[in-house]
Every structure is written in structure tokens, then in C-alpha cells.
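Overview (structure and organization)
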Amino acid sequence: MARLILNQLGKDFGSGRAAVSGFSLEVREGGFLALLGPSGCGKTTVLRMIAGFETPSDGSIHLGERLLADAAQSLPPEKRNMAMVFQSYALWPHMSVADNVGYPLKVRGISGEAYRTKVGDALGTVRLADYAKRRPADLSGGQRQRVALARCLVTSPDVVLLDEPLANLDRHLKQEMEETFREFHQRSGATMIYVTHDQSEAMALATDVAVMSEGRLLQVAPPAEIYARPEGRVVGGLIGRGAIMTLPRPFGDGRALDWPALEPMFAAAAGAASGDRVDVLVRPEDVVSGENIAAGEGIAATVESVLFEGERYALKLVLADSQVLRAYTRFPVRTGDSLRLSVRAAWRL
Ligand code: ADP
Ligand code: MG
């Protein structure tokens, strides 16, 4: 095993705009990287180049010292020792769980004791040792996904590639499967690359999150860091909840009377000088609202929408100049209510 190195990777399908360009990234051995970005940004194309189903137009892919592909040559998928898990589990319905898991070994001519040990280990890793003799039809959706994981693990791949494996699952099963993926990563020690457009999934699962947009890599960092210190408007908008605003705010049309007083508050929270032209990100947990504001402080906002989340209410607030902010409160408020708010911290993008 070794780290996976993508260097200035590019893919042009000839449509005039490259699907992937200048994409450089290292995934350490045993790492769990989430590749996050909106639909159509090039995630699957990156994954398919890593797997060997697509040849790069530019750049190179190395596993440790070994060249897997560049524009001139490309090792076929079966020589890369990688496994790809698709959204549809693609299990054989007429085979038992154990036979499904062992199938890639059969294809490679592995049999006997080695076969039984590997299948047993793989089933143990996904906690399905007791289900070896069942058919896929007798299993729940989550268990079937675990069979698919065991099947990809059985050949001890250097890298496991997953392309939006949970995209169509309901919320409950999704949470269960997130646990399974995390545990699978810990128990197998496999290097994993997990493609998703769901930021909460990426944050919950991975040790590192790589954010891409329009074929390019924007930022790679551990979840907590990318949440606290997103770089630029696109990452700031994709990761977590929050509102982005550009300072200084325009005012003077009579509607935005609060802004002159507010401007220094946001600038200071973001560590910028008042009057600087900057984009700042304000997270809902940094917006203080309602009864916690001292008399005469803060600014007025109108509640545009309220989402009840059980333990709290998530508010969408609108300021006098139409700027949107998001906030949380534990107390019920209604759409159309006016309240005062202030900002504890903001991040300069
Ligand atoms: P994502 O997985 O992030 O949704 P894709 O990698 O599937 O994005 O697609 C990125 C871009 O490349 C899209 O504009 C898509 O239409 C284009 N694309 C992907 N595969 C092909 C292909 N085989 N031929 C032509 N264009 C493609
Ligand atoms: Mg895709």
C-alpha cells in the first residue's frame, strides 16, 4: 500500500470545457477522503480516472512510486488493485452471501483454505459472519450494502473507491450506513475515496474533505478545519450553513439605515478593517438573537422562515437591505416576527 498521488490531472471529453483540470491531490495511505462538490463538477470523472475506466488527457496518477496513468499510458483497471463500489449493489440474486463476496476471488483463481479465510474475514469486517448462507433477497438494504463492501474488501485492494453509494437511501438507513462506512474504514484500514454531493455526509464520514467545483479542486482539509476556515465563497457556501455577505454594504437608499452601525461589527468579527472590501461568512451559531441582546444594541431583522429541528429552530432572517442571515434559537418564533440580532464571530473568506 502507498499513498495515491494525482498530479495536475485533467480530462477533456472534447465538449469545449474540460470536465477536470489542474487537479492535484494526495491521499495518504489509510486515509478516508471525501470528494465533495455539486452535481456535474467532475467527481465521477476523477474517480473513473483513478480506477482506470477513463484515461487522463493531462497529468498523472501514481500509487506510491508506481505510475498508474498519464496522457500517454494507462494501466487497465484489473491491474490497479482497486475496488469500486457503486450505488446499486449489483449482487447476484441466485448466489449466497458468501458466494457473492467470494466471487472476485474465484475470478482470480483463488480457492480452498485461502478462499474460505478471506471470505470469512471480509464478512467479519462488515459484521455479517452469521449471514454467509443467506441470499441477498433475505437481507435488508443496509445488509446488502455491507455484502457489497465485503465483496470489494475480499481482494485486499490498495484503494476503495465509492461513488455516491448512499445517494438514494432514506435518511434513517443513510445514518446507519454512515456508521457502517466509518467502521469499515477503521476495521479494514483501507485507503478510501468517497464521492458525494452531500456535505453533511462528507463531514460525518471522512478524515479529509476535498471540495471541487467546475472541474477544479478548491480546498482539502479535515472536516473541522474546512468548516472553521473555508477558503473562498464557493467552499464557504458549500460547507455547513451560513450566510455570505460582501462588505462594505451599500447604503444610502434609506432602507439600510442600520448598516453604518453594523459595518464595524461584521468587519471586527471577521478580523477585517472597517471599510475593507471583503466577503465574510456568518455561521448561524455565531448569530445571537432576541432576548440575549442588550437594549439599544444589535440590529433589526425579520424572520422569513422557521424550520423546527426538534432541539432548536433554524431561522432565516432578513435585514433591512435584504441581506439574509441564518440563526438558531431554542425559543419558538414565527414567520414575520421582528427581532434584534448581533454577530459574535464571522469568517473572512
Ligand atoms: P459529477 O460526478 O460531479 O456529477 P461527472 O464527472 O459525471 O460529474 O461529469 C463532469 C462533466 O463531464 C459533466 O459536464 C459531464 O457532462 C461530462 N462528462 C462526464 N462523462 C462524460 C463522457 N463520457 N463523455 C462526455 N462528457 C462527459
Ligand atoms: Mg457523479
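Quick summary incoming for the structure in this document. Fair warning: this is a prediction, and the values are worked out from it, not measured in the lab.

A tally of helices and strands in the chain yields nine helices and 18 strands. Taking the intrachain contacts of the chain between residues at least 6 apart in sequence as the baseline, contacts between residues at least 24 apart amount to 66%. Only carbon and sulfur atoms are counted for the fraction: they give 49% of the accessible area of the chain, which is about 16700 Å². Each charge class in the chain can be summarised by its mean position, and for the 40 positive and 41 negative side chains these summaries are 4 Å apart.

All right, on to the site of ligand 1 then. Close contacts around ligand 1 come from Phe13, Ala19, Pro38, Ser39, Gly40, Cys41, Gly42, Lys43, Thr44 and Thr45, and that covers them all. Within the backbone of cysteine 41, a nitrogen or oxygen atom sits 3.2 Å from an oxygen atom of ligand 1. When ligand 1 sits alone it has 560 Å² of accessible area, and the protein chains cover 56% of it. A per-class count over the shell around ligand 1 returns four nonpolar, five polar and one charged.

This next bit is on the pairing of strand β8 (residues 191–196). When you tally the buried positions in β8, you get six out of six residues, the bulk of the element. Where burial is concerned, the two faces of β8 agree: the one with Thr191, Ile193 and Val195 and the one with Met192, Tyr194 and Thr196 are both buried. As judged from the five bridges shared by strand β3 (residues 32–36) and β8, these two strands associate in the parallel manner. Bridge pairing in β8 places leucine 35 opposite valine 195.

A cluster of nonpolar residues, Trp92, Tyr103 and Val107, forms a patch on the protein surface that exposes about 290 Å² of accessible area. Relative to the helices and strands, tyrosine 103 is located in helix α2 (residues 97–107).

With that out of the way, let us pick up unusual backbone geometry. Of note, the phi angle at asparagine 81 is positive, near 50 degrees, even though the residue is not glycine. By the secondary structure assignment, asparagine 81 is in the loop between β5 (66–70) and β6 (82–85). Of note in this structure, arginine 127 is not a glycine but carries a positive phi near 55 degrees. Relative to the assigned elements, arginine 127 resides in the loop between α3 (112–125) and α4 (141–153). Here arginine 127 falls in the partly exposed class, since its relative accessible area comes to 48%.

Our next topic: the sheet that holds strand β12 (residues 278–282). Strands belonging to one sheet form pairs held by backbone hydrogen bonds; the direction of such a pair is parallel or antiparallel. Taken in spatial order, the three strands make up an open sheet running β11-β12-β18, and their pairing is antiparallel. The open sheet terminates on both sides in strands that have one partner only, identified here as β11 (243–247) and β18 (347–348). Pairing geometry for β11 and β12, over five bridges, is antiparallel. Counterpart to isoleucine 244 in the pairing with β12 is leucine 281.

A few words on the nonpolar core. Val101, Val119, Leu123, Leu162, Phe181, Met192 and Ile226 are the most contacted members of the largest nonpolar core, which totals 45 residues. By residue number, the principal contributor to this core is α4, which donates six residues. When near neighbours in sequence (up to four residues on either side) are disregarded, isoleucine 226 contacts Met203, Val209, Val211, Gln219, Ala221, Val235 and Ile239. Grouped together as the second largest cluster of nonpolar side chains are 27 residues, Val20, Phe23, Leu47 and Met49 included.

This brings us to the packing of α2 against α4. The contact between α2 and α4 brings their axes to 7 Å, and the two run at 35 degrees. For the element pair α2 and α4, the recorded crossing hand is right-handed. On α4, the residues that touch Val97, Asn100, Val101 and Pro104 of α2 are Val147, Ala150 and Arg151. Of the residues belonging to the contact of α2 with α4, the class tally is five nonpolar, one polar and one charged.

Time to look at the sheet that holds β3. Spatially, the six strands line up as an open sheet ordered β6-β7-β8-β3-β9-β10, and their pairing is mixed. The open sheet is flanked by β6 and β10 (216–221), the only strands paired with a single partner. Adjacent strand axes in the sheet meet at a mean angle of 20 degrees when their direction is disregarded. Pairing between strand β9 (residues 208–213) and β10: five bridges, direction antiparallel. The partner of methionine 212 across the bridge, within β10, is leucine 217.

Two side chains of opposite charge can pair, provided their charged atoms sit close to one another. Within the structure shown, the criterion is met by 12 salt bridges. The salt bridge involving arginine 3 is made with glutamate 26; its shortest N-O contact spans 2.5 Å. One end of the pair, arginine 3, is in the segment before β1 (4–11); the other, glutamate 26, is in strand β2 (residues 20–27), with 23 residues separating them in the sequence. Across the pair glutamate 54 and arginine 48 runs a salt bridge, and its minimum N-O distance is 3.2 Å. Taking the relative accessible area as the measure of exposure, glutamate 54 reaches 18% and is therefore buried.

The next thing to look at is the packing of aromatic side chains. In total, this model carries four aromatic pairs according to the counting rule given. Pairing phenylalanine 32 with tyrosine 194 gives two aromatic rings, centres 6.0 Å apart and planes at 50 degrees, and the pair type is tilted. Residue phenylalanine 32 is located in strand β3, and its partner tyrosine 194 is located in strand β8; the two are separated by 162 residues in the primary sequence. Three or more aromatic residues joined by ring pairs form one cluster here, namely Phe32, Phe181 and Tyr194. Between the NZ or CZ atom of arginine 283 and the centre of the ring of tyrosine 227, over which it lies, the distance is 3.9 Å. The ring of tyrosine 328 carries the charged tip of arginine 312 above its face, separated from the ring centre by 3.6 Å.

Cut-off values and rules
- Residues numbered from 1 in each chain as written.
- Chains lettered and ligands numbered in written order.
- Predicted model: local features only at pLDDT ≥ 70, side-chain atom pairs only at ≥ 80, totals over all residues.
- Heavy atoms only, no water.
- Helix = DSSP H or I, 4+ residues; strand = E, 2+ residues; numbered from the N terminus.
- Contact = heavy atoms within 4.5 Å.
- Areas by Shrake-Rupley, 256 points an atom, 1.4 Å probe, with all protein chains shown as cover.
- Lys, Arg positive; Asp, Glu negative; His and termini not counted.
- Charge placed at Lys NZ, Arg CZ, Asp CG, Glu CD.
- Near = heavy atom within 4 Å.
- Polar contact = N/O pair within 3.5 Å; in protein donor to acceptor, adjacent residues only side chain to side chain.
- Nonpolar A, V, L, I, M, F, W, Y, C, P; charged D, E, K, R; others polar.
- Buried < 20%, exposed > 50% of the residue type's maximum accessible area, 1.4 Å probe, protein only.
- Pairing = 2+ DSSP bridges.
- Patch = residues over 30% accessible without salt bridge, like charges linked within 9 Å, V, L, I, M, F, W, Y side chains within 5 Å.
- Salt bridge = Lys/Arg side-chain N within 4 Å of Asp/Glu carboxyl O.
- Core = buried A, V, L, I, M, F, W, Y, C linked by side-chain atoms within 4.5 Å.
- Axes fitted to C-alpha atoms, helices over the stretch in contact; angles between N-to-C directions.
- Left-handed = near helix turned anticlockwise from the far one by under 90°.
- Phe/Tyr/Trp six-rings, centres within 6.5 Å; stacked < 30°, edge-to-face > 60°.
- Lys NZ or Arg CZ within 6 Å of the ring centre and 35° of its normal.

Function cannot be inferred from these measures alone, as they are strictly geometric.
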